[in-house]
Amino acid sequence: MELLPRSPAEFGAAPYWDRFFRHRGQRAFEWYGAFPELCPVLHKYVRPRDKVLVVGCGNSELSEQMYDVGMCEDIVNIDISDAVIRQMRERSGSRRPKMSYLLMDVLQMDFPDAHFQVVLDKGTLDALLTDEEEATLAKVDRMFAEISRVLQVGGRYLCVSLAQAHVLTKAVQYFSQEGWVVRVHQVAGSGDNQQFVLPVFVYVMTKFRKIPGSAPQILEICPEEQDKPMRVESVERLVAAVRDRQHYALLCSQLSKTPCREQVSLDLCDKESGKPRYTLHVVDSPSVKPSRENRFAIFIIPQGRETEWLFGTEEGRRQLATSAGFGRLVTVALHREQHYEGMAGIQAELSGKVMELAPPGLPAQQQVPFLSVGGDIGVRAVRHRDTSPLSGEYVVEDVKGDGTCYFRRLIFLRNRNVVQSEARLRAPTPLPGTWGGHEGAGAKADFFGVTETEIEEKGQKKRRKDKKKPSPAEPPAAIDKSYLCCEHHKAMVAGLCLLGGPDPLPGASLAVLVVGLGGGSLPLFIHDYFSQAHVAVVEIDPSMLEVATRWFGFSQGDRMQVHVSDGLDYVAKLAAEAPAQYDAIMFDVDSKDLTVGMSCPPPAFVEKPFLQKVKTILKPEGIFVLNLVCRDTQLKESVLATLRDVFPLLYTRRIEGEVNEILFCQPSPQGRRDPTELGARARALERALREPGRPWDSSYVLADMLQAVRIL
């Protein structure tokens, strides 16, 4: 733009615009919002017989184009610049006889009241409202008052704007308080290189008579010109919705120009409910040598598998992108609250939107492949949903894993990407709800199925395989209690080989305390495989006991008792009344406070005074096993130091691909075992557990779980 003003205030001064238009000459100046982009919105609100006022017309071609296409002819244009009014009269006088240009200030117009059906403003409000100083706001109030005066009841004030937050807020607040209906349209971009990265909006304010005590304000937003308007409940929500679309436009602009160094995450929401429908992660792989065919691809994560390491972590997605061999991969996670019409439906729904995230240099008309695990969108059925006063909203859902495997999961929706508890299912039985369908790979020219084996072989990520053909029509229902889904549970059980003498434990009398029930898989496994173990479980949330019993096959008996209590209080009471009674104490309890860098256990469970109480109720040769999930390095070091102060012997086992770290703590350093002895004890324990006729997960090798153990 030539002749930029010395200060923003000059945007509202006639001398500045006289100089500007004299310097620019006859060349039309379109600040933003070309006619082809605005036309679909204008057609909705401008009728051929309307009398239209264009305020701050400048030398824009907008009025001329509206006239020439027959949208409207009775158009009055006003501007404070004498130079531009003379230019425009010369340009349009003979060719458009019904259109006029007048030298006039929008702050003080000469028109009679209720003279127009439409007032059109393209950039004038943006130019005038450059700051929020008192004098500026007073000018804007005068402008709005004049527009209101010259508009008929039922008339529309159409304001084309970049929708800066203070501009939008001022306009919406003023007219909604006057009883007008306010609707904000996002103008669809042309796709060409534009001067402004930010999207253009049109505020449509429809005049109604202000009636005291009338219905509350009506505020709406239309994301694109063809969409139905969505009602919003407050000015703040409307401004926030516009801001989200501006941020998205900036993000798309950035991604179209440069590779992203860090993974970018965003949600695409359902138009009706406003709830997230897809979660996208944009992953660039600089190591991939670019070619025409491998620049860009979309990967649909099967339902229920978004929490897996490969799909649910930055490192996993980075490996997935590299393995798939694309310079930019957009992973797409599907949400449990939404319904999907198979892979073809998802592809049709996303095709236009994901192209906005294309990398720089993508050739025009380039077909973009949609990848998946075998072309299947997966299986997910929510079996139960409820809200706990302690844990918040949660769901129990059945999902399809690898091959024919199905799993039941407990998910706390406050942390929806973390599986709280998981159990494998068996015994096929029909399950209610719609299960994800299967689209054949290569069904369309731009769709390619990718098998899980292909991904694993490229990425060197080991997964268990099931050679049987999946049967989504018959998902199972009964719980397989012999199978521990969670790797940290497997490590915790393997740690029991640190107990006692060289003889295997299954037949020995054991007293075990487990703090944190969840779905009950860990205490159930110990109860079933250690035939003389007496297991006490402490769970603070009674809802979890109900969930474990009803949905995860948990039950109490002579050797299994659940105490609904705060683990802190329960341990403190035991320490005072009955010390040295447990062979093993296991903590697998999550924190309800997500602001802390440690999600398991809550910080109070690893404070020194409490850990000393834990040591008090542990037998001298016993073991304390702690599942630690801590992303804060400094906090983690502090926790480990406290544990070392209380327990002289401390082993640690990192869970590969997860944040979990299992700590095995013993009260005496004399029980220290070297790696060779640990392996021998683990193998002996496994042989004893694998009794003939008793089911056993062949992938569960206790010695492997302890192979990476190190002593702190």
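Residues numbered from 1 in each chain as written. Predicted model: local features only at pLDDT ≥ 70, side-chain atom pairs only at ≥ 80, totals over all residues. Heavy atoms only, no water.

Let's talk about the pattern of salt bridges
Alright, step 1. Scanning the entire structure with this criterion turns up 37 salt bridges.
Alright, step 2. Across the pair Lys-353 and Glu-356 runs a salt bridge, and its minimum N-O distance is 3.6 Å.
Alright, step 3. Across the pair Asp-697 and Lys-490 runs a salt bridge whose closest N-O atoms are separated by 3.7 Å. With Asp-697 in the loop between helix 19 (675-689) and helix 20 (702-707) and Lys-490 in helix 13 (residues 487-494), the pair connects residues that are 207 residues apart, well separated along the chain. As far as burial versus exposure is concerned, Asp-697 and Lys-490 are alike and both buried. (Salt bridge = Lys/Arg side-chain N within 4 Å of Asp/Glu carboxyl O. Helix = DSSP H or I, 4+ residues; strand = E, 2+ residues; numbered from the N terminus. Buried < 20%, exposed > 50% of the residue type's maximum accessible area, 1.4 Å probe, protein only.)

Overview of helix 14 (residues 521-529)
Alright, step 1. Here helix 14 lies mainly inside the structure; 8 of its 9 residues are buried.
Alright, step 2. Among all positions in helix 14, only Ser-521, Leu-522, Pro-523, Leu-524, Phe-525, Ile-526, His-527 and Tyr-529 are buried.

As for helix 15 (residues 542-551)
Alright, step 1. Within helix 15 the residues assigned to the buried category are Ser-543, Met-544, Leu-545, Val-547, Ala-548 and Trp-551.
Alright, step 2. N-capping of helix 15 is provided by Asp-541, with a side-chain oxygen placed 2.9 Å from the backbone N of Ser-543.
Alright, step 3. Of the residues flanking the end of helix 15, it is Gly-553, one or two places downstream, whose phi is positive at about 70°. (Polar contact = N/O pair within 3.5 Å; in protein donor to acceptor, adjacent residues only side chain to side chain.)

Thoughts on the nonpolar core
Alright, step 1. If you look at the biggest cluster of nonpolar residues, it comprises 47 residues, and the most contacted ones within it are Ile-526, Phe-530, Phe-664 and Tyr-700.
Alright, step 2. When residues of this core are assigned to their parent elements, the largest contribution, 5 residues, is made by helix 14.
Alright, step 3. In terms of nonpolar packing, the next biggest core, distinct from the first, is built from 43 residues, Phe-111, Phe-116, Cys-159 and Val-172 among them. (Core = buried A, V, L, I, M, F, W, Y, C linked by side-chain atoms within 4.5 Å.)

With respect to the sheet that holds strand 13 (residues 328-334)
Alright, step 1. The mixed open sheet is built from 5 strands, whose spatial order is 10-11-13-12-14. Only two strands of the sheet have a single neighbouring strand rather than two, namely strand 10 (264-269) and strand 14 (370-371).
Alright, step 2. Pairing between strand 12 (residues 296-300) and strand 13: 5 bridges, direction parallel. Note that in strand 13 the partner of Phe-296 across the bridge is Arg-328. (Pairing = 2+ DSSP bridges.)

Some thoughts on the environment of Ser-253
Alright, step 1. Tracing the backbone through its elements, the reader meets Ser-253 in helix 8 (residues 235-257).
Alright, step 2. Separated by 107 residues in sequence, Ser-253 and Pro-360 place their C-alpha atoms 9.9 Å apart.

Notes on the sheet that holds strand 9 (residues 230-232)
Sheet strands pair via backbone hydrogen bonds, and the direction of the pair is either parallel or antiparallel.
Alright, step 1. One open sheet accounts for 9 strands, arranged 3-2-1-4-5-7-6-8-9; its pairing is mixed. Looking along the sheet, the strands with just one partner apiece sit at the ends: strand 3 (100-103) and strand 9. Each strand axis lies, on average, 20° off the axis of its neighbour in the sheet, ignoring direction.
Alright, step 2. Note: strand 6 (residues 181-186) against strand 8 (residues 219-222), 4 bridges, orientation parallel. In the strand pairing of strand 8, His-185 is matched with Cys-222.
Alright, step 3. Against the sheet, helix 4 (residues 82-92) touches strand 2 (75-79) and strand 3, its axis set at about 165° to strand 3.
Alright, step 4. Those strands touched by helix 7 (residues 165-177) are strand 5 (151-161), strand 6, strand 7 (201-206) and strand 8, and its axis lies near 10° from that of strand 7. (Axes fitted to C-alpha atoms, helices over the stretch in contact; angles between N-to-C directions. Contact = heavy atoms within 4.5 Å.)

Description of the side chain of Asp-126
Alright, step 1. Mapped onto the elements, Asp-126 comes out in helix 5 (residues 124-128).
Alright, step 2. Despite being buried, Asp-126 has no salt bridge partner; Lys-122 is the closest side chain of opposite charge, sitting 10 Å away.
Alright, step 3. With residues near it in sequence (within four places) discarded, Asp-126 still touches Tyr-32, Ser-161, Leu-162, Ala-163 and Val-167. (Lys, Arg positive; Asp, Glu negative; His and termini not counted.)

Section: the packing of aromatic side chains
Alright, step 1. Under the defined criterion, the tally for this structure stands at 20 aromatic pairs.
Alright, step 2. Between Tyr-174 and Phe-175 the ring centres are 5.0 Å apart and the planes differ by 70°, which places this aromatic pair in the edge-to-face class. Each member of the pair, Tyr-174 as well as Phe-175, is classed as buried.
Alright, step 3. Linked through ring pairs, Phe-144, Tyr-157, Tyr-174, Phe-175 and Trp-180 together constitute an aromatic cluster.
Alright, step 4. Across from the ring centre of Tyr-483, 3.8 Å away, lies the NZ or CZ of Arg-424, which sits over that ring. (Phe/Tyr/Trp six-rings, centres within 6.5 Å; stacked < 30°, edge-to-face > 60°. Lys NZ or Arg CZ within 6 Å of the ring centre and 35° of its normal.)

Let's talk about the pairing of strand 6
Alright, step 1. In terms of burial, strand 6 is largely enclosed, as 5 of its 6 residues are buried.
Alright, step 2. Bridging between strand 6 and strand 7 involves 6 bridges; their strand directions are antiparallel. Each bridged residue has a counterpart across the sheet, and for Val-182 the counterpart in strand 7 is Met-205.

What about the packing of helix 13 against helix 14?
Alright, step 1. Contact geometry for helix 13 and helix 14: axes closest at 10 Å, N-to-C directions at 35°. Here helix 13 runs over helix 14; the crossing is right-handed. For the pair formed by helix 13 and helix 14, the contact residues are His-489, Met-492 and Val-493 on the first element and Ser-521, Leu-522, Phe-525 and Ile-526 on the second.
Alright, step 2. Along the lines of polarity and charge, the residues of the contact of helix 13 with helix 14 split into 5 nonpolar, 2 polar and no charged. (Left-handed = near helix turned anticlockwise from the far one by under 90°. Nonpolar A, V, L, I, M, F, W, Y, C, P; charged D, E, K, R; others polar.)

Points about the pairing of strand 21 (residues 533-539)
Alright, step 1. With 6 of its 7 residues buried, strand 21 lies for the most part within the structure.
Alright, step 2. Where strand 20 (residues 510-515) lies against strand 21, 6 bridges are found, and the strand directions are parallel. Opposite Leu-513, over in strand 21, you have Ala-536 as the bridge partner.
Alright, step 3. The parallel pair strand 20 and strand 21 is bridged by helix 14, and the resulting crossover is right-handed.
Alright, step 4. Taking the sense of rotation as the criterion, the β-α-β connection linking strand 21, helix 15 and strand 22 (residues 560-564) turns out right-handed. (Right-handed = clockwise from strand over helix to strand, strands pointing away.)

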